[in-house]
Each structure stands twice: as C-alpha cells, then as structure tokens.
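A structural walkthrough
Spelled out, the chains give:
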Amino acid sequence: MTTSTIRRVKQNEEDSIEAFKICGRELELDDDLISDVINMISLTSSGHYTEEHDSDNSNRSRDIHYFLDFDLSILGSNPVEYLIYARRIRKNIPMLGSKSFVRDGQR
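Looking now at unusual backbone geometry. You will see that Glu 28, though not glycine, has its phi angle at about 55 degrees, which is positive. By relative accessible area, Glu 28 is classed as exposed at 73%.

This part covers helix α2 (residues 31–43). Note on helix geometry: an α-helix contains 3.6 residues per turn, so any two residues three or four positions apart are oriented the same way. Compared with the 18 Å implied by 1.5 Å per residue over 13 residues, the 19 Å span of α2 between its first and last C-alpha is a close match. Ile 34, Val 37, Ile 38, Met 40, Ile 41 and Leu 43 are the residues of α2 that are buried. You can read the cap of α2 off the contacts: a side-chain oxygen lies 2.9 Å from the backbone nitrogen of Asp 32, and it is on Asp 30.

Glancing now at helix α4 (residues 79–92). Counted at 1.5 Å a residue, the expected span for α4 with its 14 residues is 20 Å, and the 20 Å between its end C-alpha atoms agrees. Of the residues making up α4, those classed as buried are Tyr 82, Ala 86 and Ile 89. Considered in projection along α4, the buried side chains sweep an arc of 65 degrees and stay on one side of the axis. Residues of α4 that are exposed and point over 90 degrees away from its buried face: Val 80, Arg 87, Arg 88 and Lys 91. For α4, the N-terminal capping position is held by Asn 78, with its side-chain oxygen 3.0 Å away from the main-chain nitrogen of Val 80.

Okay, the packing of aromatic side chains next. Under the definition given, this model contains 2 aromatic pairs. Ring centres of Tyr 66 and Phe 70 lie 6.5 Å apart, and the angle between their planes is 20 degrees; this geometry places the pair in the stacked category. Taken together, the residues Tyr 66 and Phe 70, both in helix α3 (residues 59–72) and 4 residues apart, mark about one turn of the helix. Owing to a relative accessible area of 59%, Phe 70 belongs among the exposed residues under this scheme. On the basis of an interplanar angle of 45 degrees and a centroid distance of 5.8 Å, the ring pair of Tyr 82 and Tyr 85 is categorised as tilted. Remark: Tyr 85 and Tyr 82 occur in helix α4; sequence separation between them is 3 residues, near one turn of the helix. Judged by its relative accessible area of 32%, Tyr 85 falls in the partly exposed class.

Quick look at the nonpolar core now. A general tendency of soluble globular proteins is for nonpolar side chains to be buried together. Ranked by size, the top nonpolar core spans 6 residues in total: Ile 17, Phe 20, Ile 34, Val 37, Ile 38 and Ile 41. Of all the elements in the fold, those that place two or more residues in this core are α1 (3–26) and α2. By residue number, the principal contributor to this core is α2, which donates 4 residues. For Phe 20, the residues in contact, after removing those within four places along its chain, are Leu 29, Ile 34, Val 37, Ile 38 and Ile 41.

Below, the discussion takes up the confidence of the model for the chain. Of all residues in the chain, 62% attain a pLDDT of 70 or more, and the chain-wide mean is 76. At the level of individual helices and strands, the chain shows its lowest average pLDDT in α3, which scores 76, and its highest in α2, which scores 88.

Calculation criteria
Residues numbered from 1 in each chain as written. Predicted model: local features only at pLDDT ≥ 70, side-chain atom pairs only at ≥ 80, totals over all residues. Heavy atoms only, no water. Buried < 20%, exposed > 50% of the residue type's maximum accessible area, 1.4 Å probe, protein only. Helix = DSSP H or I, 4+ residues; strand = E, 2+ residues; numbered from the N terminus. Expected span 1.5 Å × (residues − 1). Polar contact = N/O pair within 3.5 Å; in protein donor to acceptor, adjacent residues only side chain to side chain. Arc of directions from axis to C-beta. Phe/Tyr/Trp six-rings, centres within 6.5 Å; stacked < 30°, edge-to-face > 60°. Core = buried A, V, L, I, M, F, W, Y, C linked by side-chain atoms within 4.5 Å. Contact = heavy atoms within 4.5 Å. pLDDT = per-residue confidence, 0-100.

In structure tokens, the structure reads:
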C-alpha cells in the first residue's frame, strides 16, 4: 500500500470515530464505553492483532476479539456480497489496486 492509501484508510477510520462520538453523545453512552469503542475502531486500521491476543480472556478482551472478527467477517461472505463490499471500498479508497480485493480462490 502506498503512503497516500494508508492515509486514506486512516482517514476513513477517523471519520468513523468522529461519527461514533456524535452518536455516543446523542445516546448519552458512558464515557468508558465510548472510549472502548473508539479504541476498537482504531484497531481496524492498524491491523487485527492486539496485545489482548496474548493476555487473559477478560470480557474486554473478548469484546475486542469479537469486534475485530466482525470487521473481518466480510471475507467469509458469499461472492456476491463480497463484490458489493469491494466495489464500495474501491469507490471510497480509489488508490487501492484490484489485487487488494482478490480473495483466495477468486482469481
């Protein structure tokens, strides 16, 4: 990935964080919950490995694992759903090449 592509992916996550902050305030969510969700959103742009993978199996740790699994779940979807997703991402992040969206077995 190029530097500009990485920047765009980061910007997408930052936009998601800002949208969640607004939603969290409107819903009057607990500050700790807002902070935890913001942390989880930021993990989606920095890779899907966290220190929690090496730590105990606390509820917070499990929440992070589930959140990251949900983020990656599109990879296990049927081919039509995945194509729709890939088209949306390509439109949102046009600097990613086509090879970024090819799953094993879809060549």
